[in-house]
Every structure is written in C-alpha cells, then in structure tokens.
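This is what each chain is made of:
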Amino acid sequence: MRQVFGYWNFRPAYAMTISMLTPPKFTPPSDGFAIAVARLNKTYRAERRRVAKHALRDISLHIAPGQIFGLLGPNGAGKSTLINILAGTVLKSAGAVRIWGTDIDADPRQARANIGVVPQELNIDAFFTPRETLEIQAGMFGVPKSERRTRTILDLIGLTDKAEAYARTLSGGMRRRLLVGKAMVHQPPVLVLDEPTAGVDVTLRQRLWEMIRGLNAQGVTIILTTHYLDEAEMLCDEIAILNHGQIIKQASTKELLAGAGTKQLTLVLAGAGAAGAAPARTKFKARMSAVAKENNSKIDISVGEDTITIRYAPEQITAGTIIKTANESGLEIAEISTSEPDLEDVFLTLTQEKSKK
Ligand SMILES: Nc1ncnc2c1ncn2[C@@H]1O[C@H](COP(=O)(O)OP(=O)(O)OP(=O)(O)O)[C@@H](O)[C@H]1O
Ligand SMILES: [Mg+2]
C-alpha cells in the first residue's frame, strides 16, 4: 500500500520531469517517416551447432512520426532482430533502413543518434552505479556535460535513491528502468523498447506506461514490443504483427479490433438438467444455423453443460435475433453475457491462420 501511496505522491513532480527531459520540438524527418524499412532481410549464419536462420524475410515497414507503434509476434518471430538492426547492434543481410530520415549505411553515426533502444536482455555493467551508467552512456553519445540530464533521468525512472548503488544490487525491474534511462540520455526523436514491461510489477508497469505516454506527448515516436496484448491495445496507435520473419498485418489498433468482427454471446440456461432441455438445444442450433445461412453469415455455436456460446458477426446477426430464436426453441434463459473481440483474439486468429499454411 505504501508503494501505491508513494506513486501518487510522485505524480506531479514526475509530469514536470518528462517535460524537462525532452526538447519541445524535433526537426521533422526529411523523408516524412520516423522509421522506413525496405525489403529488409536477415539471415543468421550457420555456426558450429546451429543451422542458418532466415529471421527476417523481405520486411517493408513505414512508421509515421509521433506514434506509439506496437511490434507484436510470437516468440522467435523476428521482433528483436528487427529492433537490433535499427539499433545498429545486428547487421542486416539485405535491404534498406532509414531512421528519422538517415540511412543506416550512409551515415551510421547519425542514424544511431536518432534512436534510443532498450534491448530485451538486461545487459547492464554490474560494477557501475546507475549514475555512472547514465554518465558513461551520455559520454558515448558525445552529450556535453552541461547538457546532461542525469539527475532528471534518475528521477524519471525512479532510481534516485539507488543512484549510487552497484547495478548488480538492483532488482530485475530496476535494471529494466535503468536501461530505459540509458536509451534516453541523448534525447533521440525515436525510442524503441523491446519488452519494456516484462517482469515489471504492476505499479512500475503503470509508471512505465505513463512515462511512455508522457514522452510520446512530447513528440517522441515510440516503438515497443510486448507479449501483453492488453498493454498493446491500450498504448499503441498502430500495430504490426510479425510471424516467421514476415509482417502479416499492419493497421491502426482501431482497425485491427474492428476487423476482428466476431462477437460472442453466452446464454446461461435455467433448468439445464430438466427433461426436454436437449431437444430445445438441438432445435436452437438448427434454427440459428438457418438464420445464419439466410443472412449469408457464419456462426459458431458451442454447447456446454448449462451454457450455449454463440460467436457471430454483428453486422449480419443481432443479439436480439439470437435471444428470440432461443425463446422460440423453448430454451429457458437464466443469464446472458456478451463480449467484444480483443487484440488477443485478433492476434491468435492471424498468427494461427498463417502457421496452418
Ligand atoms: N544471434 C543469433 N544467432 C542465430 N539465430 C538467432 C540469433 N538471434 C535470434 N536468432 C533466431 O532468429 C529468430 C528470430 O529471433 P528474435 O530474437 O528476433 O525473435 P523475437 O520475435 O524477438 O522473439 P521473442 O518474443 O522470444 O523475444 C529465432 O528463430 C531465433 O532463434
Ligand atoms: Mg525478442
């Protein structure tokens, strides 16, 4: 409870911290894109015990400035490979990449300066303190001492009281926050976070979200990966779904959810064990199938012990029709619940469709 209380106390100062951290305006990218990727390929070469892996296959991707962009996909889809190529820590095999208008081959230095990346692995030097870690990183990016924001960043990531502790004594969540801090020292217009909230507790997760939104409100383009689809649904303006090294879908979060289409309605039946219930169910199923056919629509009905769950397309069939049909079939309804499709449904449908092929 105390932690939660501390968090609320922290808020006003925190909002101020974000605005102190980011310059009011970035020069717009010359090509109009925060990130432009064309026909990108990556093959990890075979090594002693490992066969070659074609991790990215002809990826083309354009990310507009000012967004929170989500990169989703199952384990091994190629998300980190893509991000590490943007970061300059993995070499691409073919294709072109521009970061905030700068081609990574033509001007790798500038390209790196245009982006801050929080990697998936917690690679922190155990023998430096958070303050030293941030200072060294700023030095590496040539940020002059007078322009460094070490204290502000420490405050922002909630590590002020750990500023002088050895990094090896930090918890996993604290290390992740330190990595976020490291990615921000040179105030890049694009910030990429590879699973920023993995293994982070609820309070800190909310604080990270707030930080991500705050930075975005200041004009920083955010790209993130996450396996928490509710997190992506809540934070991201646009989403690309990667599977087996290919982008299988890219759309605004709104569009993705709208395109999911199916709604779900569950009828909890009264007197389920009663004689006569079984014929009513059979009748209902047959009638509903007929209704679906009439409307040129698909329907999926699964019958449980005392429930019937109907998945349907709301454009063609209404809940009213379903309930009416249930009544006419002689089903006795005790309760009704409905649910909208969420990103998890969309994600599973898309990724499973593709792996069946
Ligand atoms: N350094 C490497 N050498 C060889 N193969 C690699 C290397 N890094 C990744 N791979 C392979 O490339 C593919 C994509 O891996 P990547 O780490 O990009 O996936 P990911 O989408 O980030 O997955 P996760 O959700 O598990 O983080 C995987 O098959 C992985 O085994
Ligand atoms: Mg990864």
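Nothing here was measured: the structure is a model prediction, and the numbers come from that model.

**Considerations on the nonpolar core**
Core analysis: the largest hydrophobic core is formed by 66 residues, its most contacted members being Leu86, Ile99, Val190, Leu191, Val192, Ile222 and Ile223. It is helix α6 (residues 172-184) that contributes the most residues to this core, six residues altogether. Among residues more than four places away in sequence, those in contact with Ile223 are Ile35, Ile63, Phe69, Leu71, Val190 and Val192. In this structure, Ala292, Ile317, Ile322 and Ala326 belong to the second largest nonpolar core, which totals 13 residues.

**Side note on the site of ligand 1**
Surrounding ligand 1, one finds 13 residues, the nearest of these being Tyr44, Asn75, Lys79, Ser80 and Thr81. Listed by contribution, the elements that provide at least two residues to the shell around ligand 1 are β2 (53-63) and α2 (79-87). With three residues, the single largest contributor to the shell around ligand 1 is α2. Looking at the shell around ligand 1 residue by residue, the classes come out as three nonpolar, seven polar and three charged.

**Thoughts on the sheet that holds strand β6 (residues 115-118)**
Adjacent strands of a sheet pair through backbone hydrogen bonds, lying either parallel or antiparallel. With respect to topology, six strands assemble into an open sheet ordered β6-β7-β8-β3-β9-β10, the strand pairing being mixed. Of all strands in the sheet, those with a lone pairing partner are β6 and β10 (246-252), marking the two edges. Each neighbouring strand pair of the sheet contributes to a mean axis angle of 15°, computed without reference to strand direction. Strand direction decides the pairing type here: strand β9 (residues 238-243) and β10, joined by six bridges, are antiparallel.

**A closer look at the sheet that holds strand β13 (residues 307-312)**
With antiparallel pairing, the four strands of this open sheet are ordered in space as β12-β13-β11-β14. The strands lining the two open edges of the sheet, one partner per strand, are β12 (299-303) and β14 (333-339). Adjacent strand axes in the sheet meet at a mean angle of 15° when their direction is disregarded. Two elements, β12 and β13, share five bridges in a ladder whose sense is antiparallel. Looking at the pairing, Ser302 lines up with Thr309 of β13. Where helix α10 (residues 277-294) meets the sheet, its contacts fall on β11 (263-269), β12 and β13, and the angle it forms with β12 comes to roughly 170°. Lying over the sheet, helix α11 (residues 319-328) contacts β11, β13 and β14, oriented at roughly 25° with respect to β11.

**As for the domain arrangement of the chain**
The domain boundaries assigned to the chain delineate domain 1 (2-255) and domain 2 (262-340). For domain 1 versus domain 2, the separation of C-alpha centres amounts to 46 Å.

**Regarding the packing of helix α4 (residues 130-140) against α6**
Look at α4 against α6: their axes get within 9 Å of each other, and the N-to-C directions meet at 25°. Regarding the angle of α4 to α6, the classification is roughly parallel. Between α4 and α6 lies a crossing whose hand is right-handed. Counted together, Pro130, Thr133, Leu134 and Gln137 of α4 and Leu178, Gly181 and Lys182 of α6 form the full contact between these two elements. Here the residues of the contact of α4 with α6 are counted per class, giving three nonpolar, three polar and one charged.

**Section: the environment of Leu193**
By secondary structure assignment, the location of Leu193 is in strand β7 (residues 190-194). Residue classification places Leu193 among the buried residues on the basis of 24 C-beta atoms within 10 Å. As for Leu193 and Thr203, which are separated by 10 residues in sequence, their C-alpha atoms are 18 Å apart. Dropping the residues within four chain positions of it, Leu193 is found in contact with Val118, Val180 and Leu224.

**A few points about the pairing of β13**
Going residue by residue along β13, you find Ile308, Ile310 and Tyr312 tucked away on one face and Thr307, Thr309 and Arg311 left uncovered on the opposite face. Examined bridge by bridge, β11 and β13 share six bridges and lie antiparallel to one another. Among the inter-strand pairings, Thr266 is bridged to a residue of β13, identified as Thr309. Between the antiparallel neighbours β12 and β13 lie three residues.

**Examining unusual backbone geometry**
Peptide bonds are, in most cases, trans, and in most cases residues other than glycine have a negative phi. Residues other than glycine seldom take positive phi values, yet Glu195 does so here, at roughly 55°. Mapped onto the fold, Glu195 is located in the loop between β7 and α7 (202-217). The backbone phi angle of His244 is positive, close to 50°, even though this residue is not glycine. Relative to the helices and strands, His244 resides in the loop between β9 and β10.

**Side note on α7**
When the terminal C-alpha atoms of α7 are compared, their 22 Å separation across 16 residues agrees well with the 22 Å that a helix rising 1.5 Å per residue should span. For α7, every residue scored as buried is listed here: Leu204, Arg207, Leu208, Met211, Ile212 and Leu215. Projection of α7 onto a plane perpendicular to its axis shows the buried side chains occupying an angular sector of 140°, all on one side. Immediately beyond the C-terminal end of α7, within one or two residues, lies Gly219, with a positive phi of roughly 105°.

Rules used in this analysis
- Residues numbered from 1 in each chain as written.
- Chains lettered and ligands numbered in written order.
- Predicted model: local features only at pLDDT ≥ 70, side-chain atom pairs only at ≥ 80, totals over all residues.
- Core = buried A, V, L, I, M, F, W, Y, C linked by C-beta atoms within 7 Å.
- Buried ≥ 20, exposed ≤ 12 C-beta atoms within 10 Å, placed from the backbone.
- Helix = DSSP H or I, 4+ residues; strand = E, 2+ residues; numbered from the N terminus.
- Contact = placed C-beta atoms within 7 Å.
- Near = placed C-beta within 6 Å.
- Nonpolar A, V, L, I, M, F, W, Y, C, P; charged D, E, K, R; others polar.
- Pairing = 2+ DSSP bridges.
- Axes fitted to C-alpha atoms, helices over the stretch in contact; angles between N-to-C directions.
- Domains from an automatic or database assignment.
- Parallel < 35°, antiparallel > 145°, perpendicular 65-115°, else oblique.
- Left-handed = near helix turned anticlockwise from the far one by under 90°.
- Expected span 1.5 Å × (residues − 1).
- Arc of directions from axis to C-beta.

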